[in-house]
Amino acid sequence: ATSLFSASLTSFSRSSSGGITQKTDLAGCSVNRAPLASSTCRYVRHMSQPEGLVVAPGGRNVYVTAFKTGAVTVYDRDPKSGVVLQKRGAAGCVGAPAGCTKGRALAGASSADVSPDGRFVYVTAFDSNAVVVLERCSSKCRPHSGGALG
C-alpha cells in the first residue's frame, strides 16, 4: 500500500484466513522522508507523494508512481517473503530526477498497470496529460524514448 502524505510504501503479510498484518522491521515500511527513515523504515529515493502501485506478473517487481517527483520507482520483490527492495542506482526509478533512468512525460505520475503479457508498464501522468508506456526488460534492454524498467 502507498500513502500520499507520508511518502511511504507499506508491506503486509496475509494469513491463511485472509487477514493482513504489517511486516515487521525494515520489511514493513519504506519512506521517502529521511526524518521518518529509522530502524523500522527503509529510506527510498524519488518516491515523493506515491499514488499508484502495481505488482508485476510473477510477483518479482513492484512499480510505484510518485506524483510530486514525476517518477516511477522500481522495486525487486521476493515472491515468497514479500520483502520489497528498491533497485540500486538508475534502475531504481524512471523519470526526470537526477540518478534515475531517463523518462519523459511523467510529471504528476499517478496510476500504473502492467500489460497482460507483462512486457510493459502503463503510467498515467496528470500534469503531463499523458499515458506513458515503459518497457519491462532485463539488463539487455535496448534504450528507447519511453524509458525502460528492470
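Below is a summary of the structure that appears in this document. Predicted model only: the values in this text are computed from it and were never measured.

Applying the stated rule across the entire model yields 2 disulfides. Note on cysteine connectivity: Cys93 is disulfide-linked to Cys100, with sulfurs 2.1 Å apart. Here the disulfide of Cys93 and Cys100 is left-handed, its torsion about the S-S bond being about -100°. Each member of the pair, Cys93 together with Cys100, is buried.

Attention now goes to the layout of surface pockets. Taken as a whole, the largest pocket holds about 220 Å³ of empty space. As for the largest pocket, its lining consists of 15 residues, and the residues nearest its centre are Ser11, Phe12, Arg77, Gly82 and Val84. Contributing elements (two or more residues each) for the lining of the largest pocket: β2 (8–10) and β7 (50–55). Its residues assigned to classes, the lining of the largest pocket comprises 8 nonpolar, 4 polar and 3 charged.

With that settled, the discussion passes to the packing of aromatic side chains. All told, the structure shown has 1 aromatic pair when counted by the stated rule. Consider the rings of Phe67 and Phe126, whose centres lie 6.4 Å apart with planes at 35°: the pair is tilted. Note that Phe67 is positioned in the loop between β8 (61–66) and β9 (71–77) and Phe126 in the loop between β14 (120–125) and β15 (130–136), a separation of 59 residues in sequence. Overall, the relative accessible area of 22% leaves Phe67 in the partly exposed class. By relative accessible area, which is 62% here, Phe126 ends up exposed.

Attention shifts here to the pairing of β8. Counting buried residues in β8 gives 6 out of 6 residues, a clear majority hidden from the surface. Burial along β8 is two-sided: Asn61, Tyr63 and Thr65 facing one way and Val62, Val64 and Ala66 facing the other are all buried. As paired elements, β7 and β8 share 4 bridges and run antiparallel to each other. What sits directly across from Leu53, in β8, is Val64. Adjacent in sequence and paired antiparallel, β7 and β8 are bridged by 5 residues, among which Gly58 carries a positive phi angle near 90°. Across 6 bridges, the pairing between β8 and β9 is antiparallel. Bridge pairing in β9 links Thr65 to Val72.

Conventions used here
Residues numbered from 1 in each chain as written. Predicted model: local features only at pLDDT ≥ 70, side-chain atom pairs only at ≥ 80, totals over all residues. Heavy atoms only, no water. Disulfide = S-S within 2.5 Å. Buried < 20%, exposed > 50% of the residue type's maximum accessible area, 1.4 Å probe, protein only. 1 Å grid on protein atoms, 1.4 Å probe; cavity = no way out; pocket = protein on both sides within 12 Å on 5 of 7 lines; lining within 4 Å. Points joined across faces, edges and corners; volume = space filled by probe spheres on them. Helix = DSSP H or I, 4+ residues; strand = E, 2+ residues; numbered from the N terminus. Nonpolar A, V, L, I, M, F, W, Y, C, P; charged D, E, K, R; others polar. Phe/Tyr/Trp six-rings, centres within 6.5 Å; stacked < 30°, edge-to-face > 60°. Pairing = 2+ DSSP bridges.

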